[in-house]
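Summary of structural features
Residue-level listing of the chains:
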Amino acid sequence: MRILLIRHGEPDYATDTLTARGRREAELLRDRMRAYHIRDFYVSPLGRARETAEYTLRDQGRTAEVLPWLAEFRARFPDPETGRERILWDQRPRVWTAHPELMDPDAWADSPFYAAGNAREIWDETRTGVDQLMARYGFHRDGPVWRCRENTRDTLALFCHFGISMAVLACLMDLSPVPLWHRCLTLTSSLTEVVTEERLPGEVSFRVTRLGDTSHLEAASVSRSTAGLYPECYTGVDSTDPFTNRAPDWEL
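The shown structure was predicted, so the numbers you read here are calculated from the model rather than taken from an experiment.

So, on to the environment of Asp 31. Here Asp 31 shows up in helix α1 (residues 20-33). For Asp 31, a relative accessible area of 32% puts it in the partly exposed group. Taking the C-alpha atoms as reference points, Asp 31 and Tyr 55, separated by 24 residues in sequence, lie 9.1 Å from one another.

Here is the structure:
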């Protein structure tokens, strides 16, 4: 089994649509997707993901099932320094790394760091969504690995968002999503690929073979959007600065 996690094109978050650059990204992604033989398509209910997917779906004469839980990882928590409500991956490294319990694959959601928010609720929703989706194809969680009745070489495509993609990876690989959120970034229109490894009959684990691949943009000499990426070098303004109201570019 192969699963493709595809982030939407560059967004206009105010209107939940794509920018002109984002539409160009979706066109190039559409061309790339012709090389894949997708068994089933799934999509977030949010406009920017659905608009990105539509380029590929129209081209292939296909439809996608909308999965409500793919609508980004919607949990929020009050920032311990400022009290401002934040998405879970908007926190300075020195702060979140001081909480070792955030590395636990399940207990992270009950950490005092996130306790005042709804991390547990959305994490449980995500795990249930992943489990139900995988059960359609005969996969069932068995501790840190999965059992399958009959593994296949089928490919699934999920058009969604950065935060939920990392949460899906964490569910599949029995990891905490917190270090994935803070240490990785999948740029807009990028493709992340995870495949099964079946070393014993009926027992599989999932392994990432591509993370945030944007080769379709580079092949067309299209520069990559930095939506979601903090400045490479300090600019004097940080999204968590209590003296500013600046939100990150990827704030929902």
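Okay, back to it.
Attention shifts here to the packing of helix α4 (residues 119-135) against helix α5 (residues 162-173). For the pair α4 and α5, the least separation of the axes is 10 Å and the interaxial angle reads 65 degrees. As for how α4 packs across α5, the hand of that crossing is right-handed. For the pair α4 and α5, contact is made by Trp 123, Thr 126, Arg 127, Val 130 and Met 134 and by Ile 164, Ala 167, Val 168, Ala 170, Cys 171 and Leu 172, respectively. Considering only residue class, the contact of α4 with α5 consists of nine nonpolar, one polar and one charged.

Attention now goes to the nonpolar core. If you look at the biggest cluster of nonpolar residues, it comprises 48 residues, and the most contacted ones within it are Ile 3, Phe 73, Leu 88, Trp 108 and Trp 181. At the level of secondary structure, the elements contributing two or more residues to this core comprise β1 (2-7), α3 (93-96), α4, β9 (145-148), β10 (155-160), α5, α6 (177-183) and β12 (203-213). With nine residues, the single largest contributor to this core is α5. Filtering out sequence-adjacent residues up to four positions away, Leu 88 remains in contact with Phe 73, Ala 75, Arg 76, Phe 77, Trp 108, Tyr 114, Ala 119, Trp 181 and His 182.

Time to look at unusual backbone geometry. Its identity as a non-glycine residue notwithstanding, Asp 16 has a phi of 55 degrees, on the positive side. Look at Asp 16 and you get partly exposed, because its relative accessible area is 22%. For Glu 72, which is not glycine, the phi torsion reads 60 degrees and is therefore positive. Considering the arrangement of structural elements, one finds Glu 72 in the loop between β5 (65-66) and β6 (76-78).

On to the packing of aromatic side chains. For the structure shown, the criterion picks out 13 aromatic pairs. Aromatic side chains Trp 89 and Trp 181 sit 5.4 Å apart centroid to centroid with 40 degrees between the ring planes, which places their arrangement in the tilted category. On the criterion of sequence distance, the pair formed by Trp 89 in the loop between β7 (85-87) and α3 and Trp 181 in helix α6 is long-range, its members being 92 residues apart. Aromatic side chains Trp 146 and Phe 206 sit 6.0 Å apart centroid to centroid with 90 degrees between the ring planes, which places their arrangement in the edge-to-face category. With Trp 146 in strand β9 and Phe 206 in strand β12, the pair connects residues that are 60 residues apart, well separated along the chain. Residue class for Phe 206 comes out buried when judged on its relative accessible area of 7%. What links up through ring pairs into an aromatic cluster is the set Phe 73, Phe 77, Trp 89, Trp 108, Phe 113, Tyr 114, Trp 123, Phe 162 and Trp 181. Directly above the ring of Tyr 55 sits Arg 58, whose terminal nitrogen or CZ lies 5.5 Å from the centroid.

With respect to the element layout, Arg 32 can be found in helix α1. Non-local contacts of Arg 32, meaning those with residues more than four positions away in its chain, are made with Leu 191, Arg 210, Asp 213, Ser 215 and His 216.

Quick notes on the rules
- Residues numbered from 1 in each chain as written.
- Predicted model: local features only at pLDDT ≥ 70, side-chain atom pairs only at ≥ 80, totals over all residues.
- Heavy atoms only, no water.
- Helix = DSSP H or I, 4+ residues; strand = E, 2+ residues; numbered from the N terminus.
- Buried < 20%, exposed > 50% of the residue type's maximum accessible area, 1.4 Å probe, protein only.
- Axes fitted to C-alpha atoms, helices over the stretch in contact; angles between N-to-C directions.
- Left-handed = near helix turned anticlockwise from the far one by under 90°.
- Contact = heavy atoms within 4.5 Å.
- Nonpolar A, V, L, I, M, F, W, Y, C, P; charged D, E, K, R; others polar.
- Core = buried A, V, L, I, M, F, W, Y, C linked by side-chain atoms within 4.5 Å.
- Phe/Tyr/Trp six-rings, centres within 6.5 Å; stacked < 30°, edge-to-face > 60°.
- Lys NZ or Arg CZ within 6 Å of the ring centre and 35° of its normal.

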